[in-house]
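Here is what each chain is made of, one letter per residue.
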Amino acid sequence: MTSGYKGMSPSGPTDFDKPVLEVRGVTKQFPIRTGILGRKQFHTAVDHVDLSIKQGKTLAVVGESGSGKTTLGLMVLDLLKPTSGEILYRGQPFSSRSGSNKRALRREMQVVFQDPYASLNARLTVREALTEGMVIHQIGTGPQDRERRALELLDHVSLPAETLDRYPHEFSGGQRQRIAIARALSVEPGFILLDEPTSALDVSVQSQVLNLLIKLQREFNLTYLFISHNLEVVSYLADDVAVMEKGRIVEQGPVDDIFDRPAEAYTRRLLAAIPRIGTSIR
Ligand SMILES: Nc1ncnc2c1ncn2[C@@H]1O[C@H](COP(=O)(O)OP(=O)(O)OP(=O)(O)O)[C@@H](O)[C@H]1O
Ligand SMILES: [Mg+2]
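Residues numbered from 1 in each chain as written. Chains lettered and ligands numbered in written order. Predicted model: local features only at pLDDT ≥ 70, side-chain atom pairs only at ≥ 80, totals over all residues. Heavy atoms only, no water.

Q: Could you clarify how one ought to interpret the overall build of the protein in this entry?
A: What the protein contains, in helices and strands, is 10 helices and 10 strands. Radius of gyration (C-alpha) of the protein: 19 Å, near the 19 Å computed for a compact globule of 282 residues. Once the C-alpha set of the protein is aligned to its principal axes, its extents read approximately 60 × 50 × 45 Å. If you take every contact in the protein between residues at least 6 apart in sequence, the share linking residues at least 24 apart comes to 68%. On the protein, roughly 13,800 Å² of surface is accessible, and the fraction owed to carbon and sulfur atoms is 50%. Averaging the locations of the 35 positively and 33 negatively charged side chains of the protein gives two centres separated by 5 Å. (Helix = DSSP H or I, 4+ residues; strand = E, 2+ residues; numbered from the N terminus. Rg over C-alpha atoms; globule rule 2.2 N^0.38 Å. Contact = heavy atoms within 4.5 Å. Areas by Shrake-Rupley, 256 points an atom, 1.4 Å probe, with all protein chains shown as cover. Lys, Arg positive; Asp, Glu negative; His and termini not counted. Charge placed at Lys NZ, Arg CZ, Asp CG, Glu CD.)

Dropping the structure here:
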C-alpha cells in the first residue's frame, strides 16, 4: 500500500490548511404525514448545519439518539440529498459534480458503519470484498496485482493472509470490522465517515479498533468524520467535536475545550452520562 497510494490526491499535499470537507448551511427535512386539508408536514432532521474538517483531522459529531447524526453522515457521503445548503469536498460542491467527477467522489469518500454486515456482502469472500472496489475504480493492473494489494490491506489491519478465502460470517465482530476497514481503504480514499464504528463491540475490542483507526489515519493521512454518542471514545479519537441537538449544532470546537468547559447544558448532560471509568481514558 505504500507505493501508489493516492489518499491525498487529487489536490496533493499543498492544501494542508484548506478544509477537506465543508458543510454549509445544510438542512434535511423528511415528510412525515399529510395533515388535514392535504398540507404536507415535515420533520427537520438536520437544521442549518455548518462544519469543516481539515486534512488528516478527525471531527466528531456527538448527540443523543435521533439528533440527526446519521442523516448528516448520509448527506456527507452524497447518499442523501440536502433539502437546502451545500457540501463541498476539496472545495468542490457536490451539486456541481457529475459523471466521472461523481465517480471520483464515490472513491474518495468511504464509510465504516456500526454493523459490518451492512458493508460486507455475506456471499463474497474477503478477497472479493477487498478487490471489488478496485475493479470498479480501475485500481491495480490485473487480478494478481489486486490480490497483492488485498494482502497488503490485510496486513495493515493485522489480519492473516488466509483471511482472503474466507467469508465474513467466519469472523468475530472485531475481525469483521477490520475487514470492513480494509474494504474502505481498498479504493484509496481521502476521507472516511465512521458511524459508531465500535459501538457493537466489546470494550476491549473497541479500543483495539480505535487504535487501528488512529494508526491508519497517520499512515494514509486520512480525514475522519466520526459519529458517536460515546463521548469517552470521542475524547480519545477526535481533534474537534460538534455537539448536535435536534438537528442543530449547539456548540463546536477543539474536543478538550468543549469537554472541559461545555457552554451548553445539553453538552453537560451528555458528559454527565459518561460512566465514571470514562474519565480514566483521558
Ligand atoms: N428516511 C427518513 N424518513 C423520515 N424520517 C427520518 C428518516 N431518517 C431519519 N429520520 C428521522 O430523522 C431524525 C434523525 O435521525 P438520525 O438517524 O439521523 O439520528 P441519529 O442521531 O443518527 O440517531 P442514533 O444515535 O439513534 O443513530 C429522527 O427523528 C429520525 O426518525
Ligand atoms: Mg445514527
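Q: Help me understand the sheet that holds strand 8 (residues 223–228), please; the structure alone is not making it clear to me.
A: Pairing in this open sheet of 6 strands is mixed, and the strands run 6-7-8-3-9-10 from one edge to the other. Of all the strands in the sheet, just strand 6 (109–112) and strand 10 (248–254) have a single pairing partner and so form its edges. Strand-to-strand twist of the sheet, defined as the mean angle between neighbouring strand axes without regard to direction, takes the value 15°. Inspection of the sheet shows strand 7 (residues 191–195) paired to strand 8 by 5 bridges, in the parallel sense. Bridge assignment links Phe191 to a residue of strand 8, and that residue is Thr223. Set on the sheet, helix 1 (residues 69–76) makes contact with strand 3 (58–62), strand 6, strand 7, strand 8 and strand 9 (240–245); between it and strand 8 the angle comes to about 155°. Contacts between helix 7 (residues 203–220) and the sheet are confined to strand 3, strand 7 and strand 8, with strand 8 contributing the most and set at about 160° to the helix. (Pairing = 2+ DSSP bridges. Axes fitted to C-alpha atoms, helices over the stretch in contact; angles between N-to-C directions.)

Q: How should the environment of Arg24 be read in this particular structure?
A: Structurally, Arg24 is set in strand 1 (residues 19–34). With a relative accessible area of 44%, Arg24 lands in the partly exposed category. Taking the C-alpha atoms as reference points, Arg24 and Ile192, separated by 168 residues in sequence, lie 19 Å from one another. Sequence-distant contacts of Arg24, defined by excluding residues within four places in its chain, comprise Val49, Asp50, Gly85, Glu86 and Leu88. (Buried < 20%, exposed > 50% of the residue type's maximum accessible area, 1.4 Å probe, protein only.)

Q: Please explain the site of ligand 1 as it appears in this structure.
A: Lining the immediate surroundings of ligand 1 are Phe30, His43, Ala45, Glu64, Ser65, Gly66, Ser67, Gly68, Lys69, Thr70, Thr71 and His229. A distance of 2.8 Å separates an oxygen atom of ligand 1 from a polar atom in the backbone of Gly66. When residues of the shell around ligand 1 are traced back to their parent elements, those giving at least two are strand 2 (40–54) and helix 1. With 3 residues, helix 1 is the single largest residue contributor to the shell around ligand 1. Along the lines of polarity and charge, the residues of the shell around ligand 1 split into 2 nonpolar, 8 polar and 2 charged. (Near = heavy atom within 4 Å. Polar contact = N/O pair within 3.5 Å; in protein donor to acceptor, adjacent residues only side chain to side chain. Nonpolar A, V, L, I, M, F, W, Y, C, P; charged D, E, K, R; others polar.)

Q: What is the right way to read the environment of Asp195 from this model?
A: On the secondary structure map, Asp195 appears in strand 7. A relative accessible area of 8% means that Asp195 is categorised as buried. Not counting residues within four places of it along the chain, the set of residues in contact with Asp195 comprises Thr70, Val112, Phe113, Gln114 and Ile227. At 2.8 Å, the side chain of Asp195 forms a polar contact with the side chain of Thr70.

Q: Before we go on, may I ask you to explain the pattern of salt bridges in this structure?
A: Side chains that differ in charge, positive against negative, can pair when their charged atoms come close. All chains considered together, the criterion is met by 16 salt bridges. With its nearest N and O atoms 3.2 Å apart, the salt bridge here joins Glu170 to Arg166. Relative accessible area serves as the criterion here: at 35%, Glu170 is assigned to the partly exposed category. Several salt bridges share partner residues, and in doing so they unite Asp145, Arg148, Arg149, Glu152 and Glu188 into one network. (Salt bridge = Lys/Arg side-chain N within 4 Å of Asp/Glu carboxyl O.)

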